[in-house]
Each structure stands twice: as structure tokens, then as C-alpha cells.
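# Architecture and fold: a report
The primary structure of each chain is shown beneath.
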Amino acid sequence: MPTVNFPWLCVALLAVTVASSASAHPIEDDVDVEINRLESKYTGNKTMVLALARLRRSWRDHQEAQCFFEKTAAAGGTVSKPVPPEAGKAHRACVDRTRAEMKSALAKY
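Below is a short write-up of the structure.

Reading the values: the criteria
The numbers attached to residues start from 1 for each chain and follow its sequence in the written order. Where local features are concerned, this predicted model is filtered to residues with pLDDT of at least 70; where side-chain atom pairs are given and counted, the filter is 80 or more; whole-chain, interface and lining totals use all residues. To obtain the side-chain values, all non-hydrogen atoms of the structure were used and water was disregarded. By convention in this document, the label disulfide applies to cysteine sulfur atom pairs within 2.5 Å. Elements are defined by DSSP. Helices are runs of H or I of four residues or more, strands are runs of E of two residues or more, and each kind is numbered from the N terminus. Here, a salt bridge means any side-chain nitrogen of Lys or Arg that lies within 4 Å of a carboxyl oxygen of Asp or Glu. Think of a nonpolar core as a cluster: buried Ala, Val, Leu, Ile, Met, Phe, Trp, Tyr and Cys residues, connected wherever their side-chain atoms sit within 4.5 Å. The buried label goes to any residue with under 20% of its type's maximum accessible area, the exposed label to any with over 50%, and the partly exposed label to all in between, with areas taken from a 1.4 Å probe on protein chains only. The contact criterion used is simple: two residues touch if any of their non-hydrogen atoms lie within 4.5 Å.

Let's shift gears to the state of the cysteines. Under the definition given, this model contains 1 disulfide. Put simply, C67 and C94 are joined by a disulfide, and their sulfur atoms are 2.2 Å apart. The sign of the -85 degrees torsion about the S-S bond sets the C67-C94 disulfide as left-handed. Of this pair, C67 sits in helix 3 (residues 46-74) while C94 sits in helix 4 (residues 85-107), and the two are 27 residues apart along the sequence.

Enumeration over the complete set of coordinates arrives at 8 salt bridges. For the salt bridge of E70 with R97, the shortest nitrogen-to-oxygen distance reads 2.7 Å. Here the residue E70 occupies a position in helix 3, and R97 occupies one in helix 4, the gap between them amounting to 27 residues. In this structure, R92 and D96 form a salt bridge, with 3.4 Å as the shortest nitrogen-oxygen distance. Placement of the pair is R92 and D96 together in helix 4, with a separation of 4 residues, close to one helical turn. The network of salt bridges with shared partners includes D32, E39, R56 and R60.

Bringing the nonpolar core into the picture now. Nonpolar side chains tend to gather and get buried jointly when the protein is soluble and globular. V31, I35, L38, L52, W59, M102 and L106 together form the largest nonpolar core, which totals 7 residues. When residues of this core are traced back to their parent elements, those giving at least two are helix 2 (26-41), helix 3 and helix 4. It is helix 2 that provides the largest number of residues to this core, a total of 3 residues. Each residue touching M102, except ones within four places of it in the same chain, is listed here: V31, L55 and W59.

This next bit is on the environment of L55. Here L55 lies in helix 3. Its relative accessible area of 26% is what places L55 among the partly exposed residues. For L55 and I35, which are 20 residues apart along the polypeptide, the C-alpha to C-alpha distance reads 8.7 Å. Discounting chain neighbours no more than four positions away, the residues touching L55 are M102 and L106.

Next up, the structure:
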């Protein structure tokens, strides 16, 4: 199979993959619940509502980039189809770890 050499395409494809599997991950649902809880807490505070909206976007972007990097590194620096099992495992571990970290950080507030 050919190797994809367009990082932007790879990131876009990963974003679609992560977004389509979002409901299958209870930790991600917990992250969304935590962000929603904070949005409710700060409903009247425009600065905090905007900060939480930015947080949600930047958290997703960070997770996608971090997990794409870990998956690509585990695959030896290339992205090809089918994804090697070790790359899939690295991606899944990254997704689970970053979600747990974010949930824990948000729960403090």
C-alpha cells in the first residue's frame, strides 16, 4: 500500500476517525460532562464561557495531534493502510490517557 505523505490529510482523517468513535468512549463522555458542568457553573460569566469554548477546541486539537504523533511514531514514521497493530495500540493508549488526564484536570474546578 502507498504511504500517505500529506500530514494535513492524515490529521483530517484522524480527526474524522476520532470524532466518529467519540460516543464509544465513556471517558470522553465524562470529559464532555465536565466541560458542560463548568459551562453551567459559569453561565453568566462571558469570559469563562469563551475560555471553556476555547478549551474544548484546543483540547480536541491537542489530543488529535498528540495521538496522531504517537500512532505514526509507533508505525515507524509512516502512515499506511492497514494500520499496523502496534500503531493502533499506541493510538488507543494515547486517546485513553489524554482523556483521563483531561477529566482529572477538569474535575478540580
